[in-house]
Amino acid sequence: MTDSKYFTTTKKGEIFELKAELNSDKKEKKKEAVKKVIASMTVGKDVSALFPDVVNCMQTDNLELKKLVYLYLMNYAKSQPDMAIMAVNTFVKDCEDPNPLIRALAVRTMGCIRVDKITEYLCEPLRKCLKDEDPYVRKTAAVCVAKLHDINAQLVEDQGFLDTLKDLISDSNPMVVANAVAALSEIAESHPSSNLLDLNPQSINKLLTALNECTEWGQIFILDCLANYTPKDDREAQSICERVTPRLSHANSAVVLSAVKVLMKFMEMLSKDLDYYGTLLKKLAPPLVTLLSAEPELQYVALRNINLIVQKRPEILKHEMKVFFVKYNDPIYVKLEKLDIMIRLASQANIAQVLAELKEYATEVDVDFVRKAVRAIGRCAIKVEQSAERCVSTLLDLIQTKVNYVVQEAIVVIKDIFRKYPNKYESVIATLCENLDSLDEPEARAAMIWIVGEYAERIDNADELLESFLEGFHDESTQVQLQLLTAIVKLFLKKPTETQELVQQVLSLATQDSDNPDLRDRGYIYWRLLSTDPVAAKEVVLAEKPLISEETDLIEPTLLDELICYIGTLASVYHKPPSAFVEGGRGVVHKSLPPRSASSESTESPEAAPTGAPSAEQPDVIPPQGDLLGDLLNLDLGPPVSGPPLATSSVQMGAVDLLGGGLDSLIGSTNFTAPPAAAVPANLGAPIGSGLSDLFDLTSGVGTLSGSYVAPKAVWLPAMKAKGLEISGTFTRQVGSISMDLQLTNKALQVMTDFAIQFNRNSFGLAPAAPLQVHAPLSPNQTVEISLPLSTVGSVMKMEPLNNLQVAVKNNIDVFYFSTLYPLHILFVEDGKMDRQMFLGTWKDIPNENEAQFQIRDCPLNAEAVSSKLQSSNIFTIAKRNVEGQDMLYQSLKLTNGIWVLAELRIQPGNPSLTLSLKCRAPEVSQHVYQAYETILKN
């Protein structure tokens, strides 16, 4: 006997048994078998082997069995596409079944089978079902079109299903209308450019009629569709609002929020003087209040939406403060959200109520909630001036409780109150100083240090207090270290004789012992300021602080307008536009509120191009935003001072007495010791021989004021890409200011208004210095010339190529994007002339691998002509000499962000080719500087 007996068994196995039952002649047995198959499939067993047997069971009149088989089919068709074709005939047959339930079931299943091979066979049955006499079949077929579009968009368009869908919007049955709208909206989201939902007053009227008779989800689809419509005038907006208002009393919160979204959007178009406007405001409050009696999760969603509504129109809920008072059993996320809305609604009328409530919250047990409550008291003081005194006394009461985290939060908000109301509540400083030892959180310590530094002249022992913080300087967080450095410098400027050692100690700690570049740079800036010009130091460090605004945490207005268009969606819960959290571009459309008469809104920012971060090797090209040295290069600390420039350029760096001499007038004859040479970071961008004077000596090297070469205007945005708007332009630099000269031409058939412009972040921080002023509407075939002043203090991001500029222009029609390359010579500044010694030292100091050589051909100019042509574009000739019959010009130029470029230009008389050698600490600039040379010399 062989071993094969071990491998044979009389038990046939589960699949085999099911197969036998599925092929049974008895209907009941068949049905039971299919139920077993579906049960196995549901728990995750693989029963795909039974595909042909289950499909055979489709030929039945039993509706229950048919549903089960269709369920199986949906699940396994993708893994068995060849088998699934067997089912096509049955679908076609079922779509003509006398029973409308079976016709609808067939068409629904067809939409769920995502198999390309089958799709084209299903077009005919789907076409019949879209025109079926039964509305249940038509509404199911409408959704099937959207599913089919997702699988094969081209097929749906070729077969004309989209037109059939549009016809269904005029259907007599409200549910069919709702599903047609839902399907078209879904398709339109994935194809934002196609104008599928071509809404006009007639179709809007049909939607509003269907609205009253749909199911709740149908109502939501229709309301969302209405929200995307822009009425032609305020009368149409009012009529739509009147017909949508009854939805506010619906039991489903999603319907309520969708109705609120439509009303909030169309209210933009209504005049505030209308009686109806006031009525609408009153009608909006009760439904929002009712949402707060739901379960906590729904409450939270409602509160996040109310937060947006209150920021846009606080008058809606101004009398409903009490519903936002916190209940003892609210979850923490609801409590925090209610607290936020309470502050937004706080006004002179209800502030007493709010403060009493907040004081109560500050004694709760939940630490996070207490912290937020204490902050809220401070925000009330800043928002409602009349309540400030009461708020401060409430905060002092809380400080007396000596509860550590309460005291710390109170100190943080009192700092803001001092900023908002200077010279009013400083009498409380003594109380704050008593609690100095209990502070252990960085934010509270930093706030307390700020208070001591700012009001040092009123605090007798300010130096002792700050010295106590200095003992553990290196253990503090960066926030505290930076604040401590500034506070001690303030103290020194107010009491120079007593605090000389203290300021030396902190500057030494910040510059020599610290690894943090921000702290080190701030230390060097203060050190340099104090050593060269104590008066300027006072003006900079003790400058008037701008008052802080009422609401520092309001959402930016254009974002708020966009979020109002997304009420009732995830975007309104996250408080972010969908583009921030929806992956990929699909389905993300920028929405905005309809324009009020005579209002012009700013454009959405152009999408940041994925050009990569600035490279780590050359930090000089684009200083990161937090880098103080980079900021300083863009600062002009005042008009050039007449008189001789500082005589530090030829002194060795180690010997510069950074703090000596300059402050003698303040502190008598004592001299400070200079920092050792090693402490000065080499990356400050200056040659070692220069004593940093190229960075900080803002008085020397101011060139002549001139107008540089201007290129002829080129078309940047053709009319065919911008719905009829054509933009041509060029860049100019004259008398130290840069501008973008634009020519706007309207080649469309409608008037253009409400122009605005915005730049994406770019390599040199170019940004509009003023709004785009188009004073009159731009009529068809009209052209207007505009000069837009530019600044170089915008946000910075390294672009590819370096001089790429991405621009967004908005008008009443749409937002349009284009990109252009600006010539680098517009960034050559007027004080770009180096003195000879510094030129020599810098040329030697820059490594040879940073040198680049270029040929400028066909340029038959002599040395004088070249020099004067370049000078008019701020390229300055420092020296000229003749070597073996060749003229050598040595030149320097400086970019707006402080980068120096040094050049050697070789000119051979009679030879039209020039040789240009460029040296720069940021070699990626050289190619663009060469292009600038070529452009200037050849034009």
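Reading guide: rules and limits
Residues numbered from 1 in each chain as written. Predicted model: local features only at pLDDT ≥ 70, side-chain atom pairs only at ≥ 80, totals over all residues. Heavy atoms only, no water. UniProt positions renumbered as here; feature names shortened; annotations may be inferred. Helix = DSSP H or I, 4+ residues; strand = E, 2+ residues; numbered from the N terminus. Buried < 20%, exposed > 50% of the residue type's maximum accessible area, 1.4 Å probe, protein only. Contact = heavy atoms within 4.5 Å. Areas by Shrake-Rupley, 256 points an atom, 1.4 Å probe, with all protein chains shown as cover. Pairing = 2+ DSSP bridges. Axes fitted to C-alpha atoms, helices over the stretch in contact; angles between N-to-C directions. Parallel < 35°, antiparallel > 145°, perpendicular 65-115°, else oblique. Left-handed = near helix turned anticlockwise from the far one by under 90°. Nonpolar A, V, L, I, M, F, W, Y, C, P; charged D, E, K, R; others polar. Expected span 1.5 Å × (residues − 1). Polar contact = N/O pair within 3.5 Å; in protein donor to acceptor, adjacent residues only side chain to side chain. Phe/Tyr/Trp six-rings, centres within 6.5 Å; stacked < 30°, edge-to-face > 60°. pLDDT = per-residue confidence, 0-100. Core = buried A, V, L, I, M, F, W, Y, C linked by side-chain atoms within 4.5 Å. Salt bridge = Lys/Arg side-chain N within 4 Å of Asp/Glu carboxyl O. Arc of directions from axis to C-beta. Disulfide = S-S within 2.5 Å. Patch = residues over 30% accessible without salt bridge, like charges linked within 9 Å, V, L, I, M, F, W, Y side chains within 5 Å. Lys, Arg positive; Asp, Glu negative; His and termini not counted. Charge placed at Lys NZ, Arg CZ, Asp CG, Glu CD.

The chain has the name AP complex subunit beta in an unreviewed UniProt entry, where Chrysochloris asiatica is given as its organism. As stated in UniProt under Subcellular location (unreviewed entry), the record for the chain gives "Endomembrane system". Check the Sequence similarities (unreviewed entry) section of the UniProt entry for the chain; it says "Belongs to the adaptor complexes large subunit family."

Enquirer: Account for the overall build of the chain, with residues named and values stated.
Expert: Counting its regular elements, the chain contains 39 helices and 13 strands. Going through the 939 residues of the chain one by one, you find that 51% of them count as buried. Taking as baseline every contact in the chain between residues at least 6 positions apart, the subset at least 24 positions apart corresponds to 68%. When the accessible surface of the chain is totalled, it reaches about 43200 Å², and 51% of it is carbon and sulfur.

Enquirer: Give a detailed account of the pairing of strand E2 (residues 725-734), specifying residues and quantitative values.
Expert: E2 sits mainly inside the fold: nine of its 10 residues count as buried. In this sheet, E2 lies alongside strand E1 (residues 714-717) in antiparallel orientation, the contact comprising three bridges. If you follow Leu717 over to E2, its bridge partner there is Ile727. One ladder, built from 10 bridges, connects E2 with strand E3 (residues 737-746); its direction is antiparallel. Looking at E3, one finds that Arg733 is bridged to Ile738.

Enquirer: Break down unusual backbone geometry for me, citing the residues and quoting the values.
Expert: Residues Glu800 and Pro801 are joined by a peptide bond in cis, for which omega reads -5 degrees. Relative to the elements of secondary structure, Pro801 occurs in the loop between strand E6 (783-791) and strand E7 (804-810). Even without a glycine there, the phi angle at Lys723 is positive, about 50 degrees. Structurally, Lys723 is set in the loop between E1 and E2. Owing to a relative accessible area of 49%, Lys723 belongs among the partly exposed residues under this scheme. In the Ramachandran plot, Asn781 falls in the positive-phi region, its phi being about 65 degrees despite a non-glycine side chain. By the secondary structure assignment, Asn781 is in the loop between strand E5 (767-768) and E6.

Enquirer: An account of the packing of helix H24 (residues 404-420) against helix H26 (residues 442-454) is requested, with residue identities and associated values reported.
Expert: Describing two packed helices takes the angle between their axes plus the distance from one axis to the other. Here H24 crosses H26 at 40 degrees, and the two axes come no closer than 8 Å. In terms of orientation, H24 and H26 fall into the oblique class. The handedness of the crossing between H24 and H26 comes out as left-handed. Facing Gln408, Ile411, Val412, Lys415, Phe418 and Arg419 of H24, the residues of H26 in contact are Glu443, Ala444, Ala447, Met448, Trp450 and Ile451. Per-class residue counts for the contact of H24 with H26 are eight nonpolar, one polar and three charged.

Enquirer: Pulling in residues and values, what's your account of the sheet that holds strand E4 (residues 756-759)?
Expert: Note: strands within a sheet are paired through backbone hydrogen bonds, in either parallel or antiparallel orientation. On the basis of which strands lie adjacent, the open sheet formed by three strands has the order E4-E7-E8 and antiparallel pairing. The sheet is open, and its two borders are formed by E4 and strand E8 (815-821), each paired with just one other strand. The mean inter-strand angle of the sheet, taken between neighbouring strand axes irrespective of direction, is 25 degrees. Direction of pairing for E7 relative to E8: antiparallel, over a ladder of seven bridges.

Enquirer: I'd like a rundown of helix H17 (residues 253-267), residues and numbers included.
Expert: When the terminal C-alpha atoms of H17 are compared, their 21 Å separation across 15 residues agrees well with the 21 Å that a helix rising 1.5 Å per residue should span. Within H17, 13 of the 15 residues are buried, which leaves the element mostly enclosed by the surrounding structure. Sitting at the head of H17, Asn252 places a side-chain oxygen 2.7 Å from the backbone nitrogen of Ala254.

Enquirer: With reference to specific residues and values, describe the packing of aromatic side chains.
Expert: According to the stated counting rule, one finds 11 aromatic pairs in the structure shown. With 5.4 Å between their ring centres and 90 degrees between their planes, Tyr300 and Tyr333 make a pair best called edge-to-face. Pair noted here: Tyr300 is in helix H19 (residues 296-312) and Tyr333 is in helix H20 (residues 332-345), with a separation of 33 residues, a long-range link.

Enquirer: I'd like a description of the confidence of the model for the chain, backed by residues and values.
Expert: The share of residues in the chain with pLDDT of 70 or more is 85%, and the mean pLDDT across the chain is 80. This model gives residues 598-706 a pLDDT under 50, and the stretch forms 214 contacts once residues within four places in sequence are excluded.

Enquirer: I'd like a rundown of the nonpolar core, residues and numbers included.
Expert: Counting 214 residues, the largest nonpolar core has Tyr72, Phe91, Leu126, Val244, Leu358 and Phe418 as the members making the most contacts within it. In this view, Val244 contacts Leu208, Leu211, Leu223, Leu226, Ala259, Val262 and Leu263; residues no more than four positions away in its chain are not counted.

Enquirer: Tell me what's going on with the pattern of salt bridges, and back it up with residues and numbers.
Expert: Applying the stated criterion to the full structure yields 36 salt bridges. A salt bridge links Arg375 to Glu409; the shortest N-O distance between them is 2.5 Å. Here the residue Arg375 occupies a position in helix H22 (residues 367-383), and Glu409 occupies one in helix H24, the gap between them amounting to 34 residues. We classify Glu409 as buried; its relative accessible area is 6%. For the salt bridge of Arg733 with Glu830, the shortest nitrogen-to-oxygen distance reads 2.8 Å. Of this pair, Arg733 sits in strand E2 while Glu830 sits in the loop between E8 and helix H37 (836-845), and the two are 97 residues apart along the sequence. Residue Arg733 is classed as buried on the basis of its relative accessible area, which comes to 4%. Judged by its relative accessible area of 9%, Glu830 is buried. When salt bridges with common partners are traced through the structure, they connect Arg371, Arg375, Glu409, Glu441 and Glu443 into a single cluster.

Enquirer: Could you give me a rundown of H37, with the residues and numbers involved?
Expert: Residues three or four positions apart in an α-helix share a direction because the helix packs 3.6 residues into each turn. Listing the buried residues of H37 in full gives Met838, Phe839, Thr842 and Trp843. The buried side chains of H37 occupy one side of the element, clustering within an arc of 130 degrees when seen end-on. Turned more than 90 degrees away from the buried face of H37, the exposed residues are Arg836, Gln837 and Lys844. The residue sitting at the N-terminus of H37 and contributing the capping side-chain oxygen is Asp835; that oxygen lies 3.1 Å from the backbone nitrogen of Gln837.

Enquirer: Hey, could you go over the packing of H17 against helix H18 (residues 275-291) for me, with residue numbers and the actual values?
Expert: It is the contact of H17 with H18, at a shortest axis distance of 11 Å, that shows an interaxial angle of 155 degrees. With respect to H18, the axis of H17 lies roughly antiparallel. Pair H17 / H18 crosses with left-handed handedness. Contacts between H17 and H18 involve Ser253, Val256, Leu257, Val260, Leu263 and Met267 from the first element and Tyr277, Leu280, Leu281, Leu284, Pro287, Leu288 and Leu291 from the second.

Enquirer: Residue-level account of the state of the cysteines, with values.
Expert: If you walk through the whole model with that rule in mind, you get zero disulfides. Looking at the unpaired Cys129, the closest cysteine sulfur is the one in Cys95, lying at 4.0 Å. The cysteine Cys380 is free of any disulfide, with Cys391 supplying the nearest cysteine sulfur at 5.5 Å.

Enquirer: Kindly report on a negative patch on the surface, identifying the contributing residues and their values.
Expert: A cluster of acidic side chains, namely Glu464, Glu467, Glu471 and Glu501, defines a negative patch on the protein surface. Mapped onto the fold, Glu471 is located in the loop between helix H27 (462-470) and helix H28 (478-494).

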